[in-house]
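Secondary and tertiary structure notes
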Amino acid sequence: MGKTLYDKLWESHVVRELPDGTCLLYIDRQLVHEVTSPQAFAGLRAHNRGLWRAAANLAVADHNVPTTERARGIIDPTSRLQVETLERNCQDFSVPLFAMDDARQGIVHVVGPEQGATLPGMTIVCGDSHTSTHGAFGALAHGIGTSEVEQVMATQCLLQKKVGAMRVRLEGTIPNHVTAKDLALAVIGRIGTAGGTGHAIEFAGSAVSSLTMEGRMTLCNMAIEAGARAGLVAVDDTTIEYLADRPFAPAGKLWDQAVQAWRTLHSDPDARFSKEVLIDVSSLAPQVTYGTSPEMVISVEGHVPDPCQEIDPARREALVAALRYMDLAPGTAMTDIAIDVVFIGSCTNARLEDLRAAAGMVRGKKVAAHIHRALVVPGSGLVKRAAEAEGLDRVFREAGFEWRDAGCSMCLAMNADRLEPGERCASTSNRNFEGRQGQGGRTHLVSPAMAAAAAVAGHFVDIRQWI
Amino acid sequence: MQRFETLTGLVAPLDRLNVDTDAIIPKQYLKAISRAGFGVNLFDNWRYLDQGEPGQKRARVPNPDFVLNQPRYQGASILLARANFGCGSSREHAPWALLEYGFRAIIAPSFADIFYHNSLKNGLLPVVLPAPEVDRLFRVVEKTIGYSVTIDLRHQRVVAEGQEIGTFDINPFRKDCLLGGLDDIGWTLQYQADIKAYEERRRQEAPWLFPEARTKQ
């Protein structure tokens, strides 16, 4: 029987297997950030342990960093201490670090691929659930907790048990104005936030093949929102073209050798999956979430659902609680929902392609008068620089957006960028949990183009008919 | 890691689906650089009426409607929860907060993957029972003040009032670690020679994965 891509990645990294199937799995790359690493470094110090392979790690501060007036440093003393602790730890343990004033600084899941530090066939971990992003490159990538961060630092291995392989096939031509974000939300809407639990999801099908690497990263990024351990996409020409000449990617003869190996990173035609889902995307509309879980999502043409129609009592109660928190009445048309804040950014949607799509919606227009704040936060310093070279910063600024420095920003509101209680946000991030973007804040997840159009209109619009 | 063998404790019910790790411990508390101090901020947004900030000195305003604030659930060491508990962010601060508050086990019909593993690595036992049994437990717990159960890890069973009410699965390796209070790093380092041999083999197959070795040569 043929192997799945997940099988291939797993098998090539097993150092030792225990009788019960638990494996010592070798980790090729660890990405490190300031929030989930201090206790891991402290643990190493407490046990007088060093790093097994310092060069396999790459660190960058992203969660806590300010996105304005970088030169002033970090005002909040607890955030500052955390970022300084990362810098000191990286120095003490010889971990490569992109400091806050480095142009390469940015969100760890944008930086890794951009640098070519994410390569096909690797196992990649980071103390952050959105590590699933890197699966877009045919790498086995997943988020881990701090104990595991410490373990990878000390041993370059993790203790893992193989999960099931699930395939989500997205077939058909992706309609205009429908993006990878809409595909991701539609998948989660279909299978639920626990639909991928106990599985690695391979995204396949003609719609996935047609996506750019940016789009594939968006899709894999949200695999965790479907409960999956990892998201995966097979390697093809798009993958290889993206990686050519990236600073951390191999060069010369080694590149040719690597490409040859990478070409085998796909599921065999006769591979069997433990779960399969098929979605025809050819009539998919832009998606908008209405609740406090990413599975509470509907097409922009839809209406806020009525809890009375929900048969399952626990789900009904969850929907009632969500609509109360979101202050939405059942039956409200999604396009009638007015917003206060717009956030374009995050590891889901802050790459150049995302910023281009958003800029395309606002060029020559103005942010609606009642919008409190509209932020564009590029995913990295290099994304920012590339966007500026194309004049996107001017497009956003002239429309009334703030053009910020790179970081996680309002996706999780650990820095100063956050929603005030009751504010409603069109956000290109990945989680609409209660309080995620600030206590009492209300999040609607959308694509960059949808968020940008909502900023101009002041409410959600069906961008397919809007222009 | 604290050992886990048998636990008899008061059960507190948290009747919500998809409880995410942002709800378990909100992000403003993740700025800490130590492992301690998270218990007081467990479920912060639900537990208190005022907005919390790390390191604040003034007394908090408890939310009397939040279940863990009810006098009958004080001292609970077992949390009864709904499906997909611990979804969202990978923050290990979530099990740290639950443990420091006093929970040693969580019973739910399902858990999010990363949270499940983070819990096991910290001596917090996630127990999966079938959804109908969890439903029944929610009803009994709400009806019965002081309702407690015993979780027997060695025999992988849950006992209430002398009756077995369910059995649960656990990876045998993880079970041994919990029973012995063993940590993963010490265990893994027994296999240093295997790791080095793997690296040697891999370096031949895929030398681009070891760029630092090239510069050394």
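Look a little higher up for the structure.
Residues numbered from 1 in each chain as written. Chains lettered and ligands numbered in written order. Predicted model: local features only at pLDDT ≥ 70, side-chain atom pairs only at ≥ 80, totals over all residues. Heavy atoms only, no water.

Side note on the sheet that holds strand β2 (residues 78-81) of chain B
Residues and elements named next belong to chain B. The criterion, for reference: Two strands form a pair only when DSSP identifies at least two bridges running between them. Every helix listed is a DSSP run of H or I at least four residues long, and every strand listed is a run of E at least two residues long, numbered separately from the N terminus. Note on definitions: angles span 0 to 180 degrees between N-to-C directions of axes, and those axes are lines fitted to C-alpha atoms, for helices only across the stretch in contact. The contact rule is simple, with two residues in contact once any of their heavy atoms fall within 4.5 Å.
Here seven strands make up an open sheet; going across it, the order is β4-β3-β2-β1-β5-β6-β7 and the pairing mixed. Every other strand in the sheet has two partners, leaving β4 (125-128) and β7 (163-167) as the edge strands with one partner each. Across this sheet, the average inter-strand angle for adjacent strands is 30°, counted without regard to direction. Looking at chain direction, strand β5 (residues 148-152) and strand β6 (residues 157-160) are connected through three bridges and run antiparallel. Within β6, the position partnered with Ile151 by the bridge is Val158. On top of the sheet, helix α4 (residues 113-120) reaches β3 (105-108) and β4; it is set at about 130° to β4, its chief contact. The strands touched by helix α5 (residues 131-143) are β1 (6-14), β2, β3 and β7; relative to β2, the strand with the most contacts, the crossing angle is about 120°.

Some remarks on the interface of chain B and chain A
For the record, the criterion: Accessible area that two parts lose when put together, with a 1.4 Å probe and added across both, is what the buried area reports. A side-chain nitrogen of Lys or Arg and a carboxyl oxygen of Asp or Glu constitute a salt bridge if their distance falls within 4 Å.
Across the contact, 62 residues belong to chain B and 76 residues belong to chain A. Both sides of the chain B and chain A interface together cover about 5700 Å² of buried area, and 56% of this is carbon and sulfur. Inspection of the chain B/chain A interface yields nine salt bridges. With a shortest N-O distance of 2.8 Å, Asp113 of chain B and Arg229 of chain A are connected by a salt bridge. Contributions of two or more residues to the side of chain B that touches chain A are made by α2 (44-47), α3 (93-101), α4, α6 (172-180), α7 (184-189), α8 (192-205) and α9 (211-216) of chain B.

Here's the deal with the pairing of strand β15 (residues 341-344) of chain A
All names here are of chain A. This is how it is decided: Under the scheme applied here, a residue whose accessible area is under 20% of the maximum for its type counts as buried, over 50% as exposed, and between as partly exposed, the area being computed with a 1.4 Å probe on protein chains only. Note on handedness: a crossover is taken as right-handed if, strands pointing away from the viewer, the path from the first strand over the helix to the second is clockwise.
Going residue by residue along β15, you find Val341 and Phe343 tucked away on one face and Val342 and Ile344 tucked away on the opposite face as well. Inspection of the sheet shows β15 paired to strand β16 (residues 373-376) by four bridges, in the parallel sense. Looking at the pairing, Ile344 lines up with Val376 of β16. For the handedness criterion, the β-α-β arrangement of β15, helix α12 (residues 352-362) and β16 is classed as right-handed. Note: β15 against strand β18 (residues 424-427), three bridges, orientation parallel. Bridge pairing in β18 links Phe343 to Ser427.

Digging into unusual backbone geometry
All names here are of chain A. Unusually for a residue other than glycine, His177 sits at a positive phi of about 70°. Among the structural elements, His177 can be located in the loop between β9 (164-171) and α6 (180-191). On the accessibility criterion, His177 (30% relative accessible area) is partly exposed.

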